[in-house]
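Examination of the molecular architecture
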Protein chains: 2
Amino acid sequence: RKAKTVDMSSGNSAERGQILDGASIAKSIRSKLKEEIVELKTKFPTFSPGLAVVQVGNREDSNIYIRNKLKFSKEVGIEAKHVKLSTTATQAELVSALERLNGDPSVDGFILQLPLDSSEPIDADFCTSRIDPAKDIDGLNFWNAGKLSRGHLKDVLIPCTPKGCIELINRTGCTNMEGKVAVVIGRSKIVGSPMKDLLINCNATVIVCHSKTENLPEKVKMADILVVAARQPLMVKGDWLKPGAIVIDVGMNSIPDATKAKGRRLVGDVDFESCKPIASWITPVPGGVGPMTIAMLLQNALECAKHRLKKQSQFTWSMRCLPLDLMDPVPSDIEIARGQTPKPIKELAEELNILPSEIDFYGSKKAKVSLSLLSRLHNVSNGKYVVVTGITPTPLGEGKSTTTIGLCQALGAHLKKNVFACVRQPSQGPTFGIKGGAAGGGYSQIIPMEDFNLHLTGDIHAITAANNLLAAAIDARMFHEASQTDKALFNRLVPLQKGERKFSPIQIKRLKKLGIEEINPKKLKTEEIKLFSRLDIDSSTITWQRVMDTNDRFLRKITIGQSPTERNLTRETQFDIAVASEIMAVLALTTSMADMKERLGRMVVASSKAGVPVTADDLGVTGALAVLMKDAIRPNLMQTLEGTPVFVHAGPFANIAHGNSSILADKIGLKLVGKDGFVVTEAGFGADIGMEKFFDIKCRSSGLVPDCVVLVATVRALKMHGGGPKVTAGQPLAAEYTSENVQLVESGCANLIKHIENAQLFGMPVVVAINRFTTDTEEELRTVQMKAKEAGALDVVICNHWAEGGAGAVGLAEAVERACKGHDSTQFNFLYDLHLSIEEKMEVIAKKVYGADGIEILPEARKKIDLYTKQGFDNLPICMAKTHLSLSHDPELKGRPTGFVVPIRDIRSSVGAGFLYPLLGTMSTMPGLPTRPCFFDIDIDPDTEEIHGLF
Amino acid sequence: RKAKTVDMSSGNSAERGQILDGASIAKSIRSKLKEEIVELKTKFPTFSPGLAVVQVGNREDSNIYIRNKLKFSKEVGIEAKHVKLSTTATQAELVSALERLNGDPSVDGFILQLPLDSSEPIDADFCTSRIDPAKDIDGLNFWNAGKLSRGHLKDVLIPCTPKGCIELINRTGCTNMEGKVAVVIGRSKIVGSPMKDLLINCNATVIVCHSKTENLPEKVKMADILVVAARQPLMVKGDWLKPGAIVIDVGMNSIPDATKAKGRRLVGDVDFESCKPIASWITPVPGGVGPMTIAMLLQNALECAKHRLKKQSQFTWSMRCLPLDLMDPVPSDIEIARGQTPKPIKELAEELNILPSEIDFYGSKKAKVSLSLLSRLHNVSNGKYVVVTGITPTPLGEGKSTTTIGLCQALGAHLKKNVFACVRQPSQGPTFGIKGGAAGGGYSQIIPMEDFNLHLTGDIHAITAANNLLAAAIDARMFHEASQTDKALFNRLVPLQKGERKFSPIQIKRLKKLGIEEINPKKLKTEEIKLFSRLDIDSSTITWQRVMDTNDRFLRKITIGQSPTERNLTRETQFDIAVASEIMAVLALTTSMADMKERLGRMVVASSKAGVPVTADDLGVTGALAVLMKDAIRPNLMQTLEGTPVFVHAGPFANIAHGNSSILADKIGLKLVGKDGFVVTEAGFGADIGMEKFFDIKCRSSGLVPDCVVLVATVRALKMHGGGPKVTAGQPLAAEYTSENVQLVESGCANLIKHIENAQLFGMPVVVAINRFTTDTEEELRTVQMKAKEAGALDVVICNHWAEGGAGAVGLAEAVERACKGHDSTQFNFLYDLHLSIEEKMEVIAKKVYGADGIEILPEARKKIDLYTKQGFDNLPICMAKTHLSLSHDPELKGRPTGFVVPIRDIRSSVGAGFLYPLLGTMSTMPGLPTRPCFFDIDIDPDTEEIHGLF
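Residues numbered from 1 in each chain as written. Chains lettered and ligands numbered in written order. Predicted model: local features only at pLDDT ≥ 70, side-chain atom pairs only at ≥ 80, totals over all residues. Heavy atoms only, no water.

Structural notes on the overall build of chain A
The helix and strand inventory of chain A stands at 32 helices and 37 strands. Projected onto the principal axes, the alpha-carbon positions of chain A cover approximately 110 × 85 × 60 Å. Of the contacts made within chain A by residues no fewer than 6 positions apart, 74% connect residues no fewer than 24 positions apart. In the form shown here, chain A has an accessible surface area of approximately 34,700 Å², with 51% of it arising from carbon and sulfur atoms. Averaged over its 114 positive side-chain charges, chain A has a centre that lies 7 Å from the centre of its 109 negative ones. (Helix = DSSP H or I, 4+ residues; strand = E, 2+ residues; numbered from the N terminus. Contact = heavy atoms within 4.5 Å. Areas by Shrake-Rupley, 256 points an atom, 1.4 Å probe, with all protein chains shown as cover. Lys, Arg positive; Asp, Glu negative; His and termini not counted. Charge placed at Lys NZ, Arg CZ, Asp CG, Glu CD.)

What about the sheet that holds strand S4 (residues 109-112) of chain A?
Residues and elements named next belong to chain A. Strand order in this open sheet of three strands is S3-S2-S4, and the pairing throughout is parallel. Since the sheet does not close on itself, it has two edges, and those belong to strand S3 (79-85) and S4, each with one partner. Adjacent strand axes in the sheet meet at a mean angle of 15 degrees, parallel and antiparallel pairs treated alike. Pairing of strand S2 (residues 50-56) with S3, which is carried by seven bridges, proceeds in the parallel orientation. Paired with Ala52 across the two strands is Lys81, which belongs to S3. (Pairing = 2+ DSSP bridges. Axes fitted to C-alpha atoms, helices over the stretch in contact; angles between N-to-C directions.)

Some points on the packing of aromatic side chains
Residue and element names in this part refer to chain A. Within the structure shown, the criterion is met by 32 aromatic pairs over all chains. Summarising the aromatic geometry, the rings of Phe935 and Phe936 are spaced 5.4 Å apart at their centres and angled 20 degrees between planes, so their arrangement reads as stacked. Here the two residues Phe935 and Phe936 agree in accessibility, since each one is buried. Of the aromatic side chains, those joined through ring pairs into one cluster are Tyr385, Phe694, Phe695, Phe762, Phe828 and Phe830. A cation sits over an aromatic face here: Lys71 above Phe72, 4.7 Å from the ring centre. (Phe/Tyr/Trp six-rings, centres within 6.5 Å; stacked < 30°, edge-to-face > 60°. Buried < 20%, exposed > 50% of the residue type's maximum accessible area, 1.4 Å probe, protein only. Lys NZ or Arg CZ within 6 Å of the ring centre and 35° of its normal.)

Description of the relation of the copies chain B and chain A
Note on the chain copies: they are related by a rotation about an axis and a translation along it. You can overlay chain B on chain A at an RMSD of 0.3 Å; the transform is a turn of 180 degrees with a shift of 0.2 Å along its axis. Overall, the copies show the geometry of a two-fold rotation axis. By residue overlap, the copies meet face to face through one surface: 98% of the interface positions of chain B are interface positions in chain A. (Least-squares fit on C-alpha atoms with pLDDT ≥ 70 in both.)

Points about the nonpolar core
Leu637 and Val768 of chain A together with Leu637 and Val768 of chain B are the most contacted members of the largest nonpolar core, which totals 372 residues. Within the second largest apolar cluster, 113 residues are counted, among which are Ala26, Val76, Cys165 and Met177 of chain B. (Core = buried A, V, L, I, M, F, W, Y, C linked by side-chain atoms within 4.5 Å.)

Section: the sheet that holds strand S1 (residues 18-19) of chain A
Pairing is mixed across the open sheet formed by twelve strands, whose spatial order is S1(A)-S11(A)-S8(A)-S7(A)-S5(A)-S6(A)-S6(B)-S5(B)-S7(B)-S8(B)-S11(B)-S1(B). Two strands close off the open sheet at either side, each with one partner strand: S1 of chain A together with strand S1 (18-19) of chain B. Bridge count for strand S6 (residues 205-209) of chain A against strand S6 (residues 205-209) of chain B is three bridges, and the pairing is antiparallel. Paired with Ile207 of chain A across the two strands is Ile207 of chain B, which belongs to S6 of chain B. Along the sheet, helix H6 (residues 160-171) of chain B contacts strand S7 (225-228) and strand S8 (246-249) of chain B; its crossing angle with S8 of chain B, the most-contacted strand, is approximately 150 degrees.

Some points on the confidence of the model for chain A
Residues and elements named next belong to chain A. In the predicted model, chain A carries a mean pLDDT of 94, and 98% of its residues have values of at least 70. Throughout residues 1-13 the model reports pLDDT below 50, and contacts reaching past four residues in sequence, or to other chains, amount to 29 contacts. Taken together, the chains of this predicted complex give a pTM of 0.88 and an interface ipTM of 0.87. (pLDDT = per-residue confidence, 0-100.)

Here we look at the interface of chain B and chain A
Counting residues at the interface gives 124 residues for chain B, matched by 124 residues for chain A. Across the chain B/chain A interface, buried area totals approximately 10,800 Å², and carbon plus sulfur atoms make up 63% of it. Contact with chain A buries surface across chain B, with Arg150, Phe554 and Thr931 of chain B losing the most and accounting together for 8% of the total. Linking chain B with chain A are 13 salt bridges, by the criterion used here. (Buried area = accessible area lost by both parts, 1.4 Å probe. Salt bridge = Lys/Arg side-chain N within 4 Å of Asp/Glu carboxyl O.)

Some details on unusual backbone geometry
The omega torsion of the bond from Val285 of chain B to Pro286 of chain B falls at -5 degrees, within 30 degrees of zero and hence cis. Of note in this structure, Phe685 of chain A is not a glycine but carries a positive phi near 55 degrees. Along the chain, Phe685 of chain A falls in the loop between strand S28 (678-682) and helix H25 (687-702). A residue is classified by how much of its surface remains accessible, and Phe685 of chain A, at 22% relative accessible area, is partly exposed.

Let's talk about the packing of helix H1 (residues 22-43) of chain B against H6 of chain B
Residue and element names in this part refer to chain B. Closest axis-to-axis distance for the H1/H6 pair is 11 Å, and the angle between their directions is 100 degrees. When the axes of H1 and H6 are compared, the pair comes out roughly perpendicular. Where H1 abuts H6, its residues Gly22, Ile25, Ser28 and Ile29 lie against Glu167, Leu168 and Arg171. Here the residues of the contact of H1 with H6 sort into three nonpolar, two polar and two charged. (Parallel < 35°, antiparallel > 145°, perpendicular 65-115°, else oblique. Nonpolar A, V, L, I, M, F, W, Y, C, P; charged D, E, K, R; others polar.)

Description of the pairing of strand S15 (residues 419-423) of chain B
All names here are of chain B. In terms of burial, S15 is a largely internal element, five of the five residues being buried. Every second residue of S15 is oriented toward a common face, with Val419, Ala421 and Val423 on one face and Phe420 and Cys422 on the other, all of them buried. Across four bridges, the pairing between S15 and strand S28 (residues 678-682) is parallel. Within S28, the residue paired with Phe420 across the bridge is Val679.

Focus: helix H5 (residues 142-149) of chain A
Among the eight residues that make up H5 of chain A, seven are buried, leaving the element largely enclosed by the rest of the structure. Along H5 of chain A, the residues that are buried comprise Phe142, Asn144, Ala145, Gly146, Lys147, Leu148 and Ser149 of chain A. Looking at the buried side of H5 of chain A, the elements it contacts are helix H7 (192-201) of chain A together with helix H5 (142-149) and helix H7 (192-201) of chain B.

Focus: the side chain of Ser193 of chain A
Relative to the helices and strands, Ser193 of chain A resides in helix H7. Residue Ser193 of chain A is classed as buried on the basis of its relative accessible area of 4%. Filtering out sequence-adjacent residues up to four positions away, Ser193 of chain A remains in contact with Arg187 and Ser188 of chain A together with Ser149 and Arg150 of chain B.

Some points on helix H24 (residues 663-673) of chain A
All names here are of chain A. The element H24 is largely enclosed, with a buried count of ten among its eleven residues. Those residues of H24 not exposed but buried are Ile663, Leu664, Ala665, Asp666, Ile668, Gly669, Leu670, Lys671, Leu672 and Val673. You can read the cap of H24 off the contacts: a side-chain oxygen lies 3.5 Å from the backbone nitrogen of Leu664, and it is on Ser662. The first or second residue beyond H24 is Gly674, which carries a positive phi of 75 degrees. (Polar contact = N/O pair within 3.5 Å; in protein donor to acceptor, adjacent residues only side chain to side chain.)

Re the environment of Ile940 of chain A
Here Ile940 of chain A lies in strand S36 (residues 939-940). Once the C-alpha coordinates of Ile940 of chain A and Ile137 of chain A are considered, the two residues, 803 residues apart in sequence, prove to be 50 Å apart. The residues touching Ile940 of chain A, leaving out its near neighbours within four places in the chain, are Glu945, Glu946 and Ile947 of chain A together with Met593, Lys597, Ala626, Val627 and Lys630 of chain B.

Focus: the environment of Leu535 of chain B
Residues and elements named next belong to chain B. Relative to the helices and strands, Leu535 is located in the loop between helix H19 (526-533) and strand S20 (546-548). Judged by its relative accessible area of 4%, Leu535 falls in the buried class. C-alpha of Leu535 to C-alpha of Ala750: the two residues are 215 residues apart in sequence and 53 Å apart in space. Sequence-distant contacts of Leu535, defined by excluding residues within four places in its chain, comprise Arg477, Glu481, Arg510, Ser608, Val614, Asp618 and Leu619.

Here's the deal with the pattern of salt bridges
In a structure, side chains of opposite charge can pair up when their charged atoms sit close to one another. Applying the stated criterion across every chain yields a total of 128 salt bridges over all chains. Put simply, Arg150, Lys196 and Asp197 of chain A together with Arg150, Lys196 and Asp197 of chain B are held in one network by salt bridges that share partners.

Focus on the state of the cysteines
Counting across every chain of the model gives zero disulfides over all chains. Not engaged in a disulfide, the cysteine Cys275 of chain B finds its nearest cysteine sulfur in Cys209 of chain B; these two sulfurs lie 15 Å apart. (Disulfide = S-S within 2.5 Å.)

Some remarks on the packing of H25 of chain A against helix H27 (residues 742-761) of chain A
When two helices pack together, their arrangement is captured by the angle between the axes and the distance separating the axes. Residues and elements named next belong to chain A. Two numbers describe how H25 lies on H27: the axes approach to 11 Å, and their chain directions differ by 10 degrees. In this view, H25 runs roughly parallel relative to H27, as classed from their interaxial angle. Facing Ala687, Asp688 and Met691 of H25, the residues of H27 in contact are His755, Asn758 and Ala759. Per-class residue counts for the contact of H25 with H27 are three nonpolar, two polar and one charged.

In structure tokens:
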């Protein structure tokens with residue numbers, strides 16, 4: 001019996017007995033979904049909607065439903081997963097499975113197939129309530145139910161059956177239910193209850209009937225629209241109906257029918273035969289509501305997937321910025337920092353669209369982000385990449401960090417741009433000695449400063465542990481080699497285990513390096529055994545030092561191995577401060593876990609007596625080092641005083657290393673901010689050092705092309721360069737610095753001009769940021785502006801972020817935005833080619849960047865040039881270990897020195913990090929404590945846990 | 001016009017025109033609430049319900065409502081707080097305020113007063129959705145709305161006005177609405193929508209009408225119960241009503257009325273005059289629904305407070321235990337550990353009823369808990385306190401840790417008791433050398449083992465940092481004292497700051513110690529300046545060593561200060577492994593932040609040349625040490641393989657220190673498990689050492705009284721004690737150990753018996769746990785059981801938790817439960833009195849616990865006895881540094897040795913930790929790396945980040 005089917009174009013027809021053909025409507029919906037998915041996949045190649053169905057047990061009816069859901073998912077292009085738990089699954093196991101799906105980025109939405117079929121007691125409501133509301137495509141989570149029932153239909157997932165019923169009603173042409181009476185029979189949480197909510201929301205007057213309702217036919221008689229979900233076969237009769245009613249039958253009952261092959265047939269809650277002539281439209285059973293339910297499930301899943309897509313490609317963060325309560329005079333850094341309540345870091349992470357699976361919280365104020373972000377956001381265009389550097393500073397520092405933070409606060413909290421600040425993690429040692437803050441200052445700071453300046457998330461401790469394990473391995477290996485025969489050594493290095501000797505993978509790596517093809521320990525020749533087992537380290541060549549994150553001057557030179565247990569194998573060595581470890585430079589320059597392992601493995605710690613470099617790989621310790629560094633490799637998320645995001649990650653020395661924060665933080669930041677956002681990163685020391693290394697070492701390693709240089713200058717430093725009296729930390733400034741002296745400023749601008757020119761050497765646009773002090777006069781500031789503009793600075797902006805926070809750097813932020821917009825990335829170039837000789841590379845830097853006449857290579861350096869060239873390390877970039885207090889190698893030469901020759905005392909290598917570092921002077925790698933270290937003032941209140949005296 | 005008021009006792013009266021006097025009903029509800037609160041406060045003295053009202057701006061109507069809410073709160077005994085934000089408050093500020101209240105344990109429930117009055121754009125729905133559903137006493141959070149609308153009335157907060165309406169309807173005597181028709185006019189989220197949900201839930205047939213409803217009087221006519229919330233003054237007329245209807249008028253409209261003084265009067269949505277004669281019951285306006293709303297708000301607040309009270313006093317955790325998938329043969333530890341997915345640590349914390357403000361998560365698998373738990377749970381009775389110890393072990397260890405974990409898995413996952421395992425954090429050094437796992441083994445482990453064995457949350461790193469800061473301070477101070485005059489030294493120690501010199505608090509502490517009353521630096525006499533400024537450390541007396549968490553044998557004896565910058569102030573010293581630091585012992589023994597600061601300050605690092613002890617306080621570094629330790633003091637929460645909770649906290653050496661995990665972890669655990677729960681803590685080495693120190697040092701310091709000793713024995717160790725061949729790590733066991741030998745077992749039981757007797761010395765019941773190996777025979781096991789019973793063990797249980805997890809230790813768990821139940825805590829006593837002399841205390845331990853004939857004091861020890869007695873440290877408890885491989889001082893003497901005299905070689909002090917430690921042999925405090933350390937096998941997969949080779 002084939003009745004009329006729906007005419008999609010029909011209006012509100014008064015014709016009777018029309019059949020609402022759910023099956024064909026569902027089919028057309030599915031084909032629309034399929035089209036839409038194809039279109040989206042074309043536009044977004046990585047778009048791949050996914051759903052999952054969780055089943056407990058093995059009910060036959062559930063199996064059929066699920067099979068259909070999976071089939072139709074596939075049909076429309078949705079990846080569908082079936083998670084099936086056994087009939088003995090416990091509630092705990094089910095919840096685990098649901099939570100895995102909550103965190104699974106490949107699943108946009110999922111359902112728990114009901115009823116459950118388990119021998120264990122399981123509370124189904126408890127379990128559905130554990131489904132993430134944003135993935136709850138059955139709409140059964142209380143959060144979604146609450147939104148629906150209170151009429152908030154934005155971002156809500158609606159249960160599939162009632163949603164399908166509304167769709168069917170609409171298809172009759174009834175799209176406006178105002179003034180209509182809708183009767184819902186049934187109040188189940190899956191159908192009746194959400195159904196009435198939807199109808200109320202459609203402006204129908206709704207009558208909710210159920211098993212306790214008296215005189216049901218009387219109520220049904222009022223219905224213009226009738227939805228029946230009563231689980232009573234054939235309950236509603238034709239004479240109950242108001243003529244012309246739309247009848248939606250959700251029932252699905254199996255009743256005995258001797259005429260059927262199986263002896264049963266499916267019927268609805270409505271007596272179709274008697275109702276059809278009275279109703280205007282009526283759904284058949286089967287083929288009415290049923291097929292719609294699955295179509296709506298797919299629609300919900302696609303909605304979730306589109307939502308995720310939108311969120312991923314929606315790069316304007318909706319960020320809660322923290323208001324500043326500016327005070328004049330500006331209070332101390334710690335007072336300002338403590339006066340601000342940071343956002344929960346979880347909130348910040350959500351604002352940045354970081355997925356829960358991509359972040360680990362360390363308390364409520366800091367977190368580590370996963371490198372997997374890089375693959376997820378692989379297709380996203382990078383944001384603009386800004387480096388903050390400075391002119392040659394006074395010993396007091398000129399506010400690069402403060403400017404970095406202030407600029408980010410301006411871009412983020414005031415211009416509402418996506419912006420990340422990427423800064424270095426400071427050593428904990430100086431915190432307790434003589435401290436120069438590294439978290440910015442005034443109203444431009446990173447908070448909480450206690451966390452920033454103390455352990456943070458333990459990265460430096462991890463570096464210390466890794467560094468010292470390697471150091472211990474060197475001495476222990478020499479000790480064991482000294483006391484054992486080749487054979488004994490070999491037998492211990494490749495021990496019998498269950499009667500067999502086997503090389504470990506890292507030992508096989510060593511065999512390969514030695515050119516030994518054989519990997520069966522039994523088959524090695526005597527000479528090969530010796531070659532393999534003896535690193536034969538020449539102790540006078542050991543360059544690997546132990547480290548400690550403490551200012552401990554008495555460890556600058558020590559003798560170790562004096563206990564009788566070490567059999568007189570004493571040697572002189574030293575401790576460095578932890579951040580001087582090559583592992584810190586490796587962390588800063590690495591681009592992935594695999595790359596870090598490579599770098600750690602190739603770190604050279606000494607030479608053998610035959611002059612062969614001995615590496616961490618040779619010592620067999622690489623894997624352990626990587627394991628110790630597995631958390632440290634993930635950047636740390638913190639925030640500024642105004643609530644914009646900051647990555648704190650790595651903090652290598654700026655002389656013996658390259659002095660820049662990590663590539664990984666910059667890379668992840670550039671993806672997170674998206675095409676129109678900004679990453680502001682800071683380079684250590686003056687532009688002659690930090691910026692040069694940023695370009696030639698860091699950018700060379702990362703492949704990233706920066707868009708703009710911000711060059712920080714102060715009137716104070718310019719006066720010094722113009723010939724002002726010496727500036728010494730801890731001593732009062734001379735009068736020249738506190739009263740107007742335009743002449744000094746003008747001559748001092750020579751230093752500024754040279755740094756501008758240096759940036760231009762790399763093809764970069766320069767914005768000069770004058771970090772304003774209260775004693776600066778208008779005339780002095782104007783002089784700087786004029787001189788810098790003449791030298792080719794794109795913009796010269798007076799900034800007051802120390803006193804005003806981001807508001808004081810809005811002008812700078814706008815200038816940076818302009819500079820980035822105008823920058824053509826093809827103009828960027830490195831200063832030198834790696835294929836030049838070590839000597840040539842050093843000469844290029846000295847002449848072009850420092851303004852020297854040339855370089856002079858002293859004997860120790862000459863020896864190293866020969867050694868490194870022989871060892872094949874001559875193609876590494878150069879990392880000059882030079883004073884930051886002058887453009888030259890001599891800290892006393894201020895301004896723009898000329899006519900000098902740079903002496904190269906010695907050269908060292910950081911092969912793992914990937915550079916050679918010539919020493920142009922004596923670099924202290926272990927600070928000391930003064931007579932009265934600042935720890936005398938540091939304390940913690942045992943009740944409030946408030947920290948005093950930090951800074 | 002005074003009409004009839006409600007007769008509370010009346011049934012469903014058919015009488016017309018009765019007035020539902022909301023004001024008086026509300027009053028009676030309030031007085032009932034008041035009575036209930038008084039009663040609860042009597043029963044639970046700390047019970048103090050609290051609510052808060054958040055207001056934005058200054059609307060006059062809001063001010064009146066809030067004033068009433070606060071007044072009535074006070075009246076019934078609820079603390080009420082008014083949080084008022086200015087009219088310029090932003091959404092961000094409002095959300096911050098709401099989240100503070102979410103986390104405020106003194107606020108049980110709160111509301112956001114609507115409408116908001118702000119010049120800023122604020123989304124009120126977004127804000128109310130940020131209120132914790134459990135504190136949402138207005139019931140407006142979507143979670144609560146969803147539960148209500150889907151008929152889940154358990155643990156749901158219902159909006160106050162509809163809740164009050166239902167209460168009013170019930171008061172008419174209409175408590176059963178089955179078969180009744182209820183008409184609700186209005187669908188607002190505050191009244192209409194939740195009203196219809198409640199009526200449906202009361203089994204009424206509900207008609208929802210609203211502004212779009214046609215022919216409203218026709219619908220109203222059907223109503224047995226009519227609730228009007230339409231915001232239409234006097235809309236419902238008498239002739240609309242079904243005679244005898246109950247009419248609830250939620251409207252509150254101000255209309256012009258010339259007859260009134262203010263020219264206006266308040267009316268409802270119902271025309272009271274025409275309706276009253278037709279209705280059976282009708283609410284007046286004002287005085288109807290209005291007063292009920294506030295009463296319901298108070299009722300909701302009290303419900304929340306009672307819920308919290310119940311949760312706090314409900315000590316049977318509802319814990320999701322993790323099922324084990326037992327395999328035979330038992331796979332490797334790492335395979336088992338990796339095969340189990342830990343619960344999110346957040347879930348575990350919630351199960352333990354830890355408040356969000358009391359926990360900081362470190363990633364998703366570990367967390368630190370706050371010491372503030374101790375004050376919140378101050379009134380809770382402690383659980384049972386169980387210590388796990390062992391017989392004298394073989395060098396292979398006999399499974400104390402495994403038994404500790406297995407026992408907790410049995411108590412928690414199988415007997416469903418509240419139970420905490422408290423274990424020590426292992427040093428990271430041995431992880432890379434030769435490893436003995438410390439996370440348990442087989443199916444009784446702590447997970448994830450990578451976190452447990454590596455950095456964890458950085459506590460040991462913090463100890464290293466603090467220890468080495470103190471060490472650096474010692475040498476730096478000697479250096480500066482050596483090169484400066486008294487005056488120069490003083491001027492640097494008390495520097496001019498803004499023209500003034502001022503002592504810091506810690507310097508004033510030193511002045512006090514020196515007996516100098518003067519605290520004005522200018523007024524100190526020359527001699528006092530010298531006394532204050534010079535610590536005058538005798539470098540030969542320095543006992544403070546640097547530490548490193550690495551096995552670095554070459555640091556066992558070193559010479560420091562050899563750099564020319566240190567002017568030949570070289571000296572010999574050593575590095576210890578970090579866990580040997582006294583600061584570790586301090587951490588393990590401290591009871592609060594204030595106590596830790598005290599202990600750190602009094603740590604003695606050397607003597608002055610005059611023989612006066614020099615402390616951390618004298619060096620001025622105490623505050624800095626405490627700051628470095630501020631996070632380390634909080635215990636770390638982890639879990640077992642079966643998902644029961646574990647505290648990992650502190651791990652002092654068991655010879656030179658007391659070898660027990662922290663007092664704070666035990667104390668917090670004892671509160672969290674509650675009266676009927678268990679804390680199982682482990683004591684290092686055999687019972688002669690770890691258990692003795694647990695009682696005499698740890699319990700003395702904590703004041704806690706244990707309930708039961710679990711003594712772990714193995715057939716293997718007993719055979720060794722019975723005269724079996726030597727057992728050596730890394731070498732195969734002799735045949736005696738792998739085949740039956742009852743004779744050896746029987747003689748070996750002498751050792752077990754002595755340990756049982758030792759426990760009894762302290763008045764403790766003993767349960768012997770035989771950690772079963774597959775080679776043990778029934779006869780051997782029976783022998784042990786018999787012997788132990790004879791010696792007075794309360795129970796002797798064969799355990800198989802290594803192979804079966806908690807299921808294998810259920811018998812042990814039941815025995816422990818019985819032992820605890822039977823234990824009388826007054827029977828516990830210390831072994832010795834602190835007032836005995838150092839010599840007497842050592843003698844008591846040697847004779848009573850070790851079974852020695854006496855002690856022999858060697859010259860160095862004699863000198864120290866004199867020194868410590870002179871310095872006043874002779875009243876400290878004694879921490880014997882003895883071998884764990886024998887009951888005697890000689891590791892070769894197995895079984896139960898007799899006839900020996902214990903030599904006391906030397907004595908050292910840990911004054912901060914609070915004990916003296918006599919040295920009975922050479923104790924290595926710095927392990928070394930073997931020829932092939934296990935780091936050769938350790939690696940990380942760069943893609944999956946899976947760690948290999950750990951163990």
